[in-house]
Amino acid sequence: MPPQSRICAVLGPTNTGKTHYAIERMLAYRSGVIGLPLRLLAREVYDRIVALRGPSVVALVTGEERIVPPRAAYWVCTVEAMPTSLGTEFVAIDEVQLCADPERGHVFTDRMLHLRGLSETLFLGSDAMWGVIAKLVPDADFLRRDRFSELTYSGSKKISRMPARSAIVGFSVDNVYSIAELLRRQKGGAAVVMGALSPRARNAQVEMYQNGDVDYLVATDAIGMGLNLDIDHVAFSGTSKFDGRKMRRLMPNELAQIAGRAGRYRTNGTFGVTGEARPLEDEVVEAIENHRFTPIQKLQWRNSRLDFGTMATLLRSLEQTSNDPLLLKAREAEDHLTLRSLSELPEIIDRVQGPRDVKLLWDTCQLPDFRQVSHNEHVAIVGKIFEFLSDAGEISTPWFADRVRRIDKTHGDIDALSKRLAYIRTWTYVTQRKGWLADENYWRDETRAVEDRLSDALHGALTKRFVDRRTSILMRRLKQKEALVAEVNKDGEVTIEGEFVGKLTAFQFQLDKSADAEQSKTLRAAAYQALLPEFNLRSDRFYNAPDTEFDFTEQGGLMWGEHAIGKLVKGDDIMSPGIKVFVDDEAGVDVADKVRRRLGHFIDRKITAAYEHLIAMKNDEALPGLAKGVAFRLAESLGVIPRSAIATDIKALDQDQRGTLRKHGIRFGQYTVFHHLMLKPAPTRLRLVLWSLFEGLDEFPEAPPAGLVTVPAMVDAPKGYYPRAGYRLAGERAIRIDMLERLADMIRAFDVKVGFEANPDMLSITGMTLEQFADLMQGLGYTTEKGEREKSKPVSETKPDNTDAKEEKPDVADAAPAAEEEDTKEVFYTFKWVPKARPAARPQFQQRGKPQKPKGKQGGKPSGPNRHSTSPPRKEKAIDPDNPFAALLALKNKT
């Protein structure tokens, strides 16, 4: 560990902002990793950091989910999934009091003892860890944080008298279901949250509570960590739980962790008991209210230096004890028990031939037993997977597909859906293991889709069973002067008391035009009351939708499918446009912010993808000062800028600076300085939109059709349009700037002051007729002289005296009279460059140095036959390396 690395334990009760503090500290560094106790909490923190830094630098890694962008700098993980070899500047471990947990404690202890940030390491958790951390990590500093609000004991209450915005905690599934049934009958319903639910199902249930569809939440102790809800009161229906081995009473610090969910931030909260739970003892109440708990004396520990020589040595290394009296050997965990069982099976013993096989077997044993059916069945699944990996190097695709297919069924009751959800979590975990499946990316998406379908079905089943919407609405009517029934169907049509009142398009509601003025206010208020949950659900779907569902229009509009969802507005700079969302005010600030954030992620990724080369050049610290200035000008112009606009800056660059910019893809053309990739259709389309925004245009000009070398001049085109479109206006047409530079290269071979004619290559690359080409050259500043001359006759070749050669066919002579009747005249144009009166002017197509006469020409009009000089060839000047076509000229001269 580096000498300057700081270790700090940030300790205190719930609702003290410890996690928020850790996020702020992590983002102060260039890299970091934070370990959290729950997958759901990890997802919540991931979303918060993505909102602050963008998705391109934030990774999410849990046992069942893996999002790792190429430039990931900040890693949000469950503690078990924390990478240990990243070498990040910052490390944080949340809820370190779980080091004493019998099931998972050894993992938290291992991370606390061994995982360090290069600059800073934070331990977040309860005050009860103060003493043991001070002994085990003597270099640690300590920072205590006080709770933002007060927590007060309110005694025992019947469920029928439970205040709104309450959470009732049970410690078994049957207990949770019975309480939810009672609340359904008496209060209209409740949301249900249990650890066995998937994050999607839990989020849906929580959202139902948060948006006010129900006023009560029934949960297991899963709400004790990470779920930040609007809870005013927490009631315990019991104070004992089954810990996997036996029933035991909850410790005061465990009760406090759950009770602390009441009264978030500055809002005070209360806690108590209900049902058959006995009132809490005075000393327990005092400990919870004052946040004073018995210090944790010993931590769960398991040897992490494992010996993979044989299965026997691996088991022995797992059973080692620590020499430190503060570290208590953990009981055999699930992976340990699975390994022990597998090591006794002949089919496993036969396949384990060396340390590599032992390591593979141990990795396979890490598969969690989400299903909780029986130990033997879990061992059988793990053993089967190991057999596949050992024999073939990967799991059989047909076998895996069959297991997933059996689970992909959304019918059945709550228990059946919960069981399938547990099963699919097993296979989702398998897909996250690198190299276990032939097409792991496909199966990750497939298992996630199955999990989502099952989660939605389970949410629907829970809602159907434990929420009586009719009763819930009746309860609400008691609090309101008027209450109307309002519903939203799948097509967005809103009905009140069965009557159509309007339609919801994306996040905007349009009231039925037939409603009169007196009805409108009431109908609108009732409709928005019903739309609040829909707004939240839509915002969740919108936020999680892939970028493929979004697009921008040539006028700066932002689309979600076929619906306009917002528009781009002028921002602080051309690459940072603002976003105005089309979201009704009644939807709420949170929904509007979520839509704005998601659209921001989309357009940021679009800009980054289109202009990544410009951004890399702009941020290249190796660029010297003058080149840096040119790079900034090019970035501001989105990769295309007329050379005349930065002629002074270009002239000041030396050859090394020009070479550095060329390595970034910059081309110094006669007319334009540009990045060749910025002329592609996608960057051009986006460039015109961003430029139009920044210029404040009322109507945005569209990009020319892709693939055209020249296009007709646009009527009333705004100033600066053509360079942004990748073209240069010349006469009645505009020519693509890269093709213009190719044309310039061809013309450099001629003496433009004497004059030259267009050759077939010039007409070919421009795709023009001779008359159109003449107009183009006039538009570029050349003078044109039109003339007529006799068509040149082809020179007939003398055939050798060969008796085998075929004689001329007589019909050739017969055709002579017809040929004489043909037009023998042809039109030609001579193009000259006449410098302007300014002394500093230079021919646009003239090569640097003394003008050279075209090969085969001796001045004057080139209408006559080519003449060849008998004088020795004139020594040519060395090619200027600043010439953007230096490479082409060098190749030509070499040829």
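Located above this text is the structure these notes cover.
Residues numbered from 1 in each chain as written. Predicted model: local features only at pLDDT ≥ 70, side-chain atom pairs only at ≥ 80, totals over all residues. Heavy atoms only, no water.

> So what exactly am I meant to see when it comes to the side chain of S198 here?
Tracing the sequence through the fold places S198 in the loop between strand 11 (191-193) and helix 6 (199-210). Residue class for S198 comes out buried when judged on its relative accessible area of 0%. A polar atom in the side chain of S198 sits 2.4 Å from the side chain of S455. What S198 contacts, discounting residues up to four positions off in sequence, is L421, E451 and S455. (Helix = DSSP H or I, 4+ residues; strand = E, 2+ residues; numbered from the N terminus. Buried < 20%, exposed > 50% of the residue type's maximum accessible area, 1.4 Å probe, protein only. Polar contact = N/O pair within 3.5 Å; in protein donor to acceptor, adjacent residues only side chain to side chain. Contact = heavy atoms within 4.5 Å.)

> Looking at this model, I keep getting lost on unusual backbone geometry. Mind explaining?
The general pattern is negative phi for most residues beyond glycine and trans for most peptide bonds. Residue L638 is not a glycine yet carries a positive backbone phi of 60°. Along the chain, L638 falls in the loop between helix 21 (625-636) and strand 27 (640-642). You will see that D716, though not glycine, has its phi angle at about 60°, which is positive. Along the chain, the position of D716 falls in the loop between strand 30 (710-712) and helix 25 (721-725).

> Before we go on, may I ask you to explain helix 19 (residues 589-610) in this structure?
Side chains that are three or four residues apart share a direction in an α-helix, a result of its 3.6 residues per turn. Here helix 19 spans 31 Å end to end across 22 residues, near enough to the 32 Å set by a 1.5 Å rise per residue. Every buried residue of helix 19 is listed here: V591, A592, K594, V595, R598, L599, G600, H601, F602, I603, I607 and A610. (Expected span 1.5 Å × (residues − 1).)

> What's the story with the sheet that holds strand 8 (residues 141-144) in this structure? I'm lost.
Strand-to-strand pairing in sheets goes through backbone hydrogen bonds, with the strands running parallel or antiparallel. Spatially, the eight strands line up as an open sheet ordered 4-3-5-2-6-7-1-8, and their pairing is mixed. Where the open sheet ends on each side, the last strands, each with one partner, are strand 4 (66-67) and strand 8. In the sheet, strand 1 (residues 6-11) pairs with strand 8 via four bridges, with the strands oriented parallel. When the sheet's bridge partners are listed, A9 is paired in strand 8 with F142. (Pairing = 2+ DSSP bridges.)

> Teacher, can you tell me more about the side chain of S455 here?
Secondary-structure assignment places S455 in helix 16 (residues 440-466). Ignoring any residue separated from it by four or fewer positions in sequence, one finds S455 in contact with S198, R200, A201 and L421.

> How should the sheet that holds strand 25 (residues 563-569) be read in this particular structure?
Strand order in this open sheet of four strands is 23-24-25-26, and the pairing throughout is antiparallel. Each edge of the open sheet carries a strand with a single partner, namely strand 23 (550-552) and strand 26 (578-581). When the angles between neighbouring strand axes are averaged without regard to direction, this sheet yields 30°. Relative to strand 25, strand 24 (residues 557-560) runs antiparallel, the two being bridged by four bridges. In the strand pairing of strand 25, G557 is matched with K567. Lying on the sheet, helix 19 is in contact with strand 23, strand 24, strand 25 and strand 26; it crosses strand 26 at an angle near 140°. Each of strand 23 and strand 25 is contacted by helix 24 (residues 681-695), which is oriented at about 60° to strand 23, the strand it contacts most. (Axes fitted to C-alpha atoms, helices over the stretch in contact; angles between N-to-C directions.)

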